Amino acid sequence: MKSLTGSLFLASYEDAAADTTAQLQVIECASDLARLADGWHALESSEGSPTQHFIWAQAYHQTYGQEAQVQVLTIGPANAPEALAPLVRRPGVLPRLELLGVHELCEPLDLLFDGQDALDALAEGLINLGQPLWLERLPADSPVITALERAYHRRGLVHRSAAESYPRIPLDRSWREPESHFNAGRRSDFRRAQRKAAEQGGLSFEVLAPTPAELAPLLAEAYRVEAACWKGAEQSALACDVKRGEFFRHYTVAAAERGILRLCFMRLDGQAVAMQLAVECGQRFWLLKIGYDEAYARCSPGTLLMLHTLRYAAERGLAAYEFLGASQPWTHTWTDVHQQCVSLRAYPQKAGALATLVCDGARHAGIQLQKKLGKQA
């Protein structure tokens, strides 16, 4: 059965096997989450996004734990889980479980599992909880999608719709000279920007892997540069957004401890005029935050720093340069390759979950009506 925005699976409810429920554990408090660290590390995919890492969930709990109840669902013992779902439970009359951090941080996320059997057990455990799920920005090729659709078959409803993709650049040796991937006009723009930058002072680039002890002044510098562009005027820069700024302070300390943090700068006479906050893991360069000082916009510092870190990633032999976030007009100038994502809403056939379904349906209808009226105006 097809809807206007996705596919639906709906049929009658069947009770699930009790042993699956017995395997499922719900981790909520900070101390239990800490005890899960080693087992979580073991499940982290060698190619997975840093948003799947334990330190991402830990930083979220430290920052947003008072606003949304973290609930990590695991299959198997806490010290060696076979699968886990990093979720949060939103308070309200009709609560639901959502992917951890996607609402606040807008980054894609997936569940973690060791094999199909563990994933199937996790899907069974999720439906047995009897609560609606909203898994926003799952990678479209994730096995989680078919596992949940199979678990909910004849026992509830699953609605799949498109979600924001994120850009990526598959790398090979040719990206050691990133300029070669662009047309003559674009290459000319790069050379012009480089000349203008050199005219303003000593031009240098840095890709730093700071230790926790070295981090504070470098992070403060990165925050300052990011706030010196339009993000500062819109109050969306990390220096202005109190909660996101706090999250990345927690996260970067943990990432520095693991040796995966990369703070990147373009400098003119020693002064930082462009920044990137990134992570290098899983043979990929994951770009989390960028910014530049608009006082130096004539020499395109953000573009020049991007060229430098692309060259760095290729010289390191990394497989891809991942932009994360969402596709933006400026990212189209760099790549037309995207990781597609989907949004999955799941409703077990329980009274509370079905009430949430009705509310979600009414909200969606209202949004569509507003869009239609807006087009007619």
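Reading the values: the criteria
Residues numbered from 1 in each chain as written. Predicted model: local features only at pLDDT ≥ 70, side-chain atom pairs only at ≥ 80, totals over all residues. Heavy atoms only, no water. Helix = DSSP H or I, 4+ residues; strand = E, 2+ residues; numbered from the N terminus. Buried < 20%, exposed > 50% of the residue type's maximum accessible area, 1.4 Å probe, protein only. Contact = heavy atoms within 4.5 Å. Areas by Shrake-Rupley, 256 points an atom, 1.4 Å probe, with all protein chains shown as cover. Pairing = 2+ DSSP bridges. Right-handed = clockwise from strand over helix to strand, strands pointing away. Core = buried A, V, L, I, M, F, W, Y, C linked by side-chain atoms within 4.5 Å.

(A) View of the overall build of the protein chain. When you go through the protein chain residue by residue, the secondary structure sums to 13 helices and 14 strands. For the protein chain, with 377 residues in total, the buried portion stands at 49%. Partitioning the intrachain contacts of the protein chain with sequence separation of at least 6 by distance along the chain shows that 75% fall at a separation of at least 24. Accessible area for the protein chain stands at about 17,000 Å²; split by element, carbon and sulfur atoms hold 52% of it.

(B) Examining the pairing of strand E12 (residues 284-292) more closely. Of all the 9 residues making up E12, 7 are buried; the element is thus mostly covered by neighbouring parts of the structure. Across 8 bridges, strand E11 (residues 271-281) lies against E12 in antiparallel orientation. Residue alanine 274 lies in a different strand from E12, and its bridge partner there is tyrosine 292. Two successive antiparallel strands, E11 and E12, enclose a turn made up of 2 residues, where glycine 282 displays a positive phi of approximately 55°. Pairing between E12 and strand E13 (residues 320-322): 3 bridges, direction parallel. Along E13, the bridge assignment pairs tryptophan 286 with glutamate 322. After leaving E12, the chain enters helix H12 (residues 301-315) and then returns to the sheet as E13, a path that is right-handed.

(C) Representation of the nonpolar core. Within the largest apolar cluster, 80 residues are counted, with the highest numbers of intra-cluster contacts made by Trp40, Tyr60, Leu87, Leu122, Phe247, Phe248 and Tyr251. Tyrosine 60 has contacts with Gly65, Ala68, Val70, Val88, Arg90, Leu100, Gly101, Glu104, Leu105 and Phe247, leaving out every residue within four places of it along the chain. Grouped together as the second largest cluster of nonpolar side chains are 29 residues, Ala193, Tyr296, Tyr312 and Phe323 included.

(D) The arrangement of the environment of leucine 138 in detail. The residue leucine 138 is located in strand E7 (residues 133-139) in this model. As for leucine 138 and glutamate 107, which are separated by 31 residues in sequence, their C-alpha atoms are 9.7 Å apart. If sequence neighbours within four positions are ignored, leucine 138 has contacts with Leu99, Leu109, Asp110, Val144, Ile145, Gln340, Cys341, Val342 and Leu344.

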